[in-house]
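# Secondary and tertiary structure notes
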Amino acid sequence: MSLFKHKQFYQIFVIFIMLLIGILFLMPYAGMMLNSFKDRAEIMKGQTFWPAKFILTNYETVFTKAPMLNWFKNSVITAVSGTVIMLITSSLLGFVFAKYHFKWKNAFFFVILATMMVPAQVTMIPSFILIQGMGMYDKLSALIIPRMVGGFGIYLCRQFIEDIPDSLCEAASIDGAGHLFIYFNIIIPLILPALSALAIFTFLERWNDYLGPLLYLSDPKNMTMPLALNFFSSQRQSDVGAVMAASALVMLPVTVLFLSLQKQFIKGIAITGMK
């Protein structure tokens, strides 16, 4: 009985510590969200955490004093299209490397893994020269096309697909199923946890990308949200509430994506840990 009480006390203590850590992590984000509903005078005083009165003036400033909707649209286009393309290419190539045998397969896969070890700063200048030479400079395609394939995504999908029994694919092939049928109807449903985790990682990377737009975009109307947020905050340094409102808008899509794919994401991480 005492052992049971000891375990129960330990579980309660762990839950309390985890809740405390979670609250500490959420405090800055909660402060940002609440400050976006305060006026400038109340923010400068800093006397209360909760707004005395919720106002939408800061959000009105964001949408009326800057082309925020256009910047938001640019980020959605680059992040969503880049994520979808990455999921398609990673799952396809992972399927090929996991279930098909061809000459130099391991060598090709080693080269793909080697690209993960090269820092982005090393390829910065060659990438800029290629993008400029292909006529993609100052276009959103410069943030999408060069990054359609990623070594991490291929590696992750290959590891998951290798655990799928070959007998499933062979049985489908005997019944007359083609390669694409096997890919869409057998492989994809079985690796959804991995694809969900990859989708979150890729979307976060593309949505929060600051260096890429800074290098490849020059026209303010083509800015994405991270670059636009820096531009907006430099233009309105004294309007803290508006900057907080713009920051909250930057966080919104990422928060929605994580909450919608949370179960699949946790399942994917758990399965990855067991592997």
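The text that follows walks through the structure, step by step, so that each part is easy to find. The model shown is predicted, which means the values in this text are computed figures rather than measured ones.

Okay, the overall build of the protein next. When helices and strands are tallied, the protein shows 14 helices and zero strands. Put simply, the protein runs from its N terminus to its C terminus through helices and strands in the order α-α-α-α-α-α-α-α-α-α-α-α-α-α. Relative to its length of 275 residues, the protein is extended, with a C-alpha radius of gyration of 24 Å against a globular reference of 19 Å. With respect to the three principal axes, the spread of C-alpha positions in the protein is 75 × 70 × 35 Å.

In total, this model carries 14 aromatic pairs according to the counting rule given. Note on Phe37 and Tyr59: the rings are 5.3 Å apart at their centroids and 40° apart in plane angle, and the pair reads as tilted. Of this pair, Phe37 sits in the loop between α1 (2–35) and α2 (40–45) while Tyr59 is found in helix α3 (residues 57–64), placing the two residues 22 residues apart along the sequence. In this structure, Phe37 and Tyr59 share a single accessibility class: buried. A connected cluster of aromatic rings, assembled from ring pairs, spans Phe95, Tyr100, Tyr183 and Phe184. The aromatic ring of Phe109 is capped on one face by Arg158, whose charged end is 4.1 Å from the ring centroid.

We now examine helix α7 (residues 151–162). Here α7 spans 16 Å end to end across 12 residues, near enough to the 16 Å set by a 1.5 Å rise per residue. Buried residues of α7: Gly151, Gly153, Ile154, Leu156, Cys157, Arg158, Phe160 and Ile161, and no others.

If you check the backbone angles, Trp104 has positive phi at about 65° while not being a glycine. With respect to the secondary-structure elements, Trp104 resides in the loop between α4 (68–99) and α5 (105–115). Residue Trp104 is classed as exposed on the basis of its relative accessible area, which comes to 57%. Of note in the backbone geometry, Asp138 takes a positive phi value of approximately 65° without being a glycine. Along the chain, the position of Asp138 falls in the loop between α6 (124–133) and α7.

Turning to a nonpolar patch on the surface, a few remarks are in order. On the surface, Phe9, Tyr10, Phe13, Val14, Phe16, Ile17, Met18, Leu20, Ile21, Leu24 and Phe25 cluster together to form a nonpolar patch covering roughly 1,100 Å² of accessible area. One can find Phe13 in helix α1.

The subject of this paragraph is the packing of α7 against helix α10 (residues 192–207). At a minimum axis distance of 10 Å, the contact between α7 and α10 shows a crossing angle of 165°. Between α7 and α10, the crossing angle belongs to the class labelled roughly antiparallel. Considering how the two elements wind past one another, α7 and α10 form a crossing that is right-handed. Contacts between α7 and α10 involve Phe152, Gly153, Leu156, Cys157 and Phe160 on the former and, on the latter, Ala194, Leu195, Leu198 and Phe201. Of the residues contributing to the contact of α7 with α10, the split by class is eight nonpolar, one polar and no charged.

The subject of this paragraph is the pattern of salt bridges. For the structure on display, the rule yields three salt bridges. Measuring nitrogen to oxygen at the nearest pair gives 2.6 Å for the salt bridge that ties Lys99 to Asp166. With Lys99 in helix α4 and Asp166 in helix α8 (residues 166–174), this residue pair connects regions lying 67 residues apart in the sequence. We classify Lys99 as buried; its relative accessible area is 15%. Exposure remark for Asp166: the relative accessible area of 43% places this residue in the partly exposed category. Note that Glu162 and Arg158 form a salt bridge whose closest N and O atoms lie 3.1 Å from each other.

Moving on: the environment of Ile266. Take Ile266: it is sitting in helix α14 (residues 262–274). Considering only alpha carbons, one finds Ile266 and Ser196, 70 residues apart in sequence, at a separation of 9.2 Å.

The next thing to look at is the side chain of Lys38. Residue position: Lys38 is located in the loop between α1 and α2. Those residues in contact with Lys38 that sit more than four places away from it in its chain are Ile43, Thr48, Phe49, Trp50, Pro51, Ile55 and Asn58.

Bringing the environment of Met225 into the picture now. Within the fold, Met225 resides in helix α12 (residues 225–235). The buried category is assigned to Met225, whose relative accessible area is 1%. Separated by 153 residues in the primary sequence, Met225 and Phe72 have C-alpha atoms spaced 6.0 Å apart.

A few words now on the nonpolar core. Counting 24 residues, the largest nonpolar core has Val62, Met68, Trp71, Trp207, Met225 and Phe232 as its most contacted members. Sorting the residues of this core by element identifies α3, α4, α10, α12 and α13 (240–260) as the ones contributing at least two each. Sort the elements by how many residues they give to this core and α13 lands first, with eight residues. Filtering out sequence-adjacent residues up to four positions away, Trp71 remains in contact with Ala66, Pro220, Lys221, Met223, Thr224, Met225, Ala228, Phe231 and Phe232. If you look at the next biggest cluster of nonpolar residues, it comprises 19 residues, including Phe95, Leu156, Ile186 and Leu198.

Thresholds applied
Residues numbered from 1 in each chain as written. Predicted model: local features only at pLDDT ≥ 70, side-chain atom pairs only at ≥ 80, totals over all residues. Heavy atoms only, no water. Helix = DSSP H or I, 4+ residues; strand = E, 2+ residues; numbered from the N terminus. Rg over C-alpha atoms; globule rule 2.2 N^0.38 Å. Phe/Tyr/Trp six-rings, centres within 6.5 Å; stacked < 30°, edge-to-face > 60°. Buried < 20%, exposed > 50% of the residue type's maximum accessible area, 1.4 Å probe, protein only. Lys NZ or Arg CZ within 6 Å of the ring centre and 35° of its normal. Expected span 1.5 Å × (residues − 1). Patch = residues over 30% accessible without salt bridge, like charges linked within 9 Å, V, L, I, M, F, W, Y side chains within 5 Å. Areas by Shrake-Rupley, 256 points an atom, 1.4 Å probe, with all protein chains shown as cover. Salt bridge = Lys/Arg side-chain N within 4 Å of Asp/Glu carboxyl O. Axes fitted to C-alpha atoms, helices over the stretch in contact; angles between N-to-C directions. Parallel < 35°, antiparallel > 145°, perpendicular 65-115°, else oblique. Left-handed = near helix turned anticlockwise from the far one by under 90°. Contact = heavy atoms within 4.5 Å. Nonpolar A, V, L, I, M, F, W, Y, C, P; charged D, E, K, R; others polar. Core = buried A, V, L, I, M, F, W, Y, C linked by side-chain atoms within 4.5 Å.

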